Amino acid sequence: MTYKSKFGFGCMRLPQTDANDPTKIDQELFNEMVDIYMEKGFNYFDTSYAYHNGTSEDAIRKAVVERYPRESFQICDKMPTWALTSEEDNEKYVNEMLERLGIDYFDVFFIHNINVPWLKLAEKCNTFEYLKKMKEEGTAKKIGFSFHDNAKLLKEVLDKYGDVLDVVQLELNYLDWEDPAIEAHKCYDLCVEHGIDVYVMEPLKGGVIVNLPESIQNDFKEFNPDKSIASFALRFCASLENVKIVLSGMNKMDDLIDNCNTFENFEVLSDEENEFLQKMALKLNEIVAVPCSECGYCIKACPEMIPIPEYFNLYNTSKIQPESNIYRLYFNKLGEEKVPADECTYCGTCLDHCTQQIDIPEELEKVCEHFEEGFTPYG
Ligand code: SF4
Ligand code: SF4
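Residues numbered from 1 in each chain as written. Chains lettered and ligands numbered in written order. Predicted model: local features only at pLDDT ≥ 70, side-chain atom pairs only at ≥ 80, totals over all residues.

Visitor: Can you help me understand the overall build of the protein chain in this one?
Guide: The number of helices and strands found in the protein chain is 15 helices and 8 strands. Against the compact-globule benchmark of 21 Å for 379 residues, the protein chain has a radius of gyration of 20 Å, which places it among compact chains. Taken along the three principal axes of its C-alpha coordinates, the protein chain extends 65 × 45 × 45 Å. Taking all 379 residues of the protein chain together, 42% fall into the buried category. (Helix = DSSP H or I, 4+ residues; strand = E, 2+ residues; numbered from the N terminus. Rg over C-alpha atoms; globule rule 2.2 N^0.38 Å. Buried ≥ 20, exposed ≤ 12 C-beta atoms within 10 Å, placed from the backbone.)

Next up, the structure:
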């Protein structure tokens, strides 16, 4: 395995023709990005039943499956764990996913987002056994699960199922490496102990790591003006020996080119660079108000349809750049007839869906207080 082969194309945040409608994927641009990615010798695509409200798999079929020989690319897909109601659902969803993608086997297949409640669902529906059968029958070459919970739960799952699994997909980045809520370092070590490969999601934490406040951007420039901020984050993950894939979700051509350059000319992170990133993580953690990765899972779960990550994004931005016109943007959102943050009924439905263990209702309350206190009609 080379460092170059670790670069995976994450298909959760594809380019869109309408920013407000995740099903409107910009297929033309995505096709162009796929062509460049493949031409440069990369070949791994990660999707799920849920991404882009079920249209990410379609877009991959059109851009990859229908335009390249099957053996030239790898596809990873994920079971919609939250939607499982019976054992029969396993087969129903797998067949639907194969059909959406236009393939007859997955290179990698995961149970999506194991956490406490969804582990119960997967166990009730015998999904781990179903994945084992998929591998035996050749419907999946490698099997595992994606994970967004703490090291204690990961240990329980690996002790129970680790011997039949090949991979765990972890949220891992230099910001979450020692974060007590995410425990990325501990989770990585557990996978190593169990002899399980690690695939990395959110190496840029949904953009939090690249959309930095000016002071931190300046620190990066001073440290090394020739390397992009994203390249440091990707190299942090890919330099770990047990990490075999690092996904990057890209919706701009420039990001794709930058990431391709990082992996084509890969340099293992030095001790000095590692130390610098840990310093930046401490600095950034002090500034980021809500560690939302903007994955969007909570929006689908919220009965009030509150655009939760949009409000968290504005809140974070206003903490990072208090002098900006972000208050105005917040109130403009309400003018666009977005459901206001204060319509949260504290029902708690979103909590099981949050990949970052955020207490969403509590944080939404802070968002409302923050903007209402700070707003002046002339601001
Ligand atoms: S607690 Fe609030 S934000 Fe969460 S699902 Fe309920 S209404 Fe939506
Ligand atoms: S609040 Fe949680 S679930 Fe919602 S977008 Fe942010 S990280 Fe994802």
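Visitor: Hey, could you run me through the site of ligand 1 in this one?
Guide: Contacts to ligand 1 come from 15 residues, most closely from Cys302, Cys344, Cys347, Thr349 and Cys350. By residue number, the principal contributor to the shell around ligand 1 is helix H15 (residues 360-374), which donates 3 residues. Per-class residue counts for the shell around ligand 1 are 11 nonpolar, 3 polar and 1 charged. (Near = placed C-beta within 6 Å. Nonpolar A, V, L, I, M, F, W, Y, C, P; charged D, E, K, R; others polar.)

Visitor: What am I meant to see in the nonpolar core here?
Guide: Among the nonpolar cores identified, the biggest contains 90 residues, and Leu170, Val200 and Val246 are the most heavily contacted of them. Residues in contact with Leu170, not counting those within four places in the same chain, are Phe147, Ala184, Cys187, Tyr188, Val198 and Val200. By size, the runner-up hydrophobic cluster in this structure holds 23 residues, among which are Cys295, Ile308, Tyr311 and Cys344. (Core = buried A, V, L, I, M, F, W, Y, C linked by C-beta atoms within 7 Å. Contact = placed C-beta atoms within 7 Å.)

Visitor: Explanation requested: the domain arrangement of the protein chain in the structure shown.
Guide: Note: interface size is frequently given as the accessible area lost on complex formation between the parts. Its domain assignment divides the protein chain into domain 1 (4-286) and domain 2 (297-374). Domain 1 and domain 2 are separated by 25 Å when their C-alpha centres are compared. Across the contact, 7 residues belong to domain 1 and 5 residues belong to domain 2. Among the residues forming the side of domain 1 that touches domain 2, the class breakdown is 3 nonpolar, 3 polar and 1 charged. (Domains from an automatic or database assignment.)

Visitor: How do you make sense of the sheet that holds strand E1 (residues 7-10) when you look at a structure like this?
Guide: By definition, the strands of a sheet pair up through backbone hydrogen bonds, in either a parallel or an antiparallel sense. Within the closed barrel, the 8 strands sit side by side as E1-E2-E3-E4-E5-E6-E7-E8. Their pairing is parallel. The mean angle between the axes of side-by-side strands here comes to 30°, regardless of whether they run parallel or antiparallel. Sheet topology note: the strand E5 (residues 140-147)/strand E6 (residues 167-171) ladder contains 4 bridges and is parallel. Looking at E6, one finds that Phe147 is bridged to Leu170. (Pairing = 2+ DSSP bridges. Axes fitted to C-alpha atoms, helices over the stretch in contact; angles between N-to-C directions.)

Visitor: So what exactly am I meant to see when it comes to helix H1 (residues 27-39) here?
Guide: Within an α-helix, residues lying three or four positions from one another point in the same direction, as the helix has 3.6 residues per turn. The end-to-end C-alpha distance of H1 is 18 Å, a good match for the 18 Å that 13 residues give at a rise of 1.5 Å each. Among the residues making up H1, those that are buried are Phe30, Met33, Val34 and Tyr37. All buried residues of H1 lie within an arc of 100° about the axis, which places them on one face of the element. Exposed side chains of H1 directed beyond 90 degrees from the buried face belong to Glu28 and Glu39. Summarising the contacts, the buried residues of H1 are in contact with E1, helix H2 (56-65) and helix H10 (253-264). (Expected span 1.5 Å × (residues − 1). Arc of directions from axis to C-beta.)

Visitor: Quick question: what am I supposed to make of the environment of Phe276 here?
Guide: Mapped onto the fold, Phe276 is located in helix H11 (residues 271-287). According to the C-beta neighbour criterion, Phe276 is partly exposed, with 18 such atoms within 10 Å. The sequence separation of Phe276 and Phe7 amounts to 269 residues, and the corresponding C-alpha distance is 23 Å.

Visitor: What is the right way to look at the site of ligand 2 in this model?
Guide: Neighbouring residues of ligand 2: 16 residues in total, closest Cys292, Cys295, Cys298, Pro309 and Cys354. Those elements that place two or more of their residues in the shell around ligand 2 are helix H12 (297-301) and helix H13 (308-320). Class assignment for the residues of the shell around ligand 2 results in 10 nonpolar, 5 polar and 1 charged.

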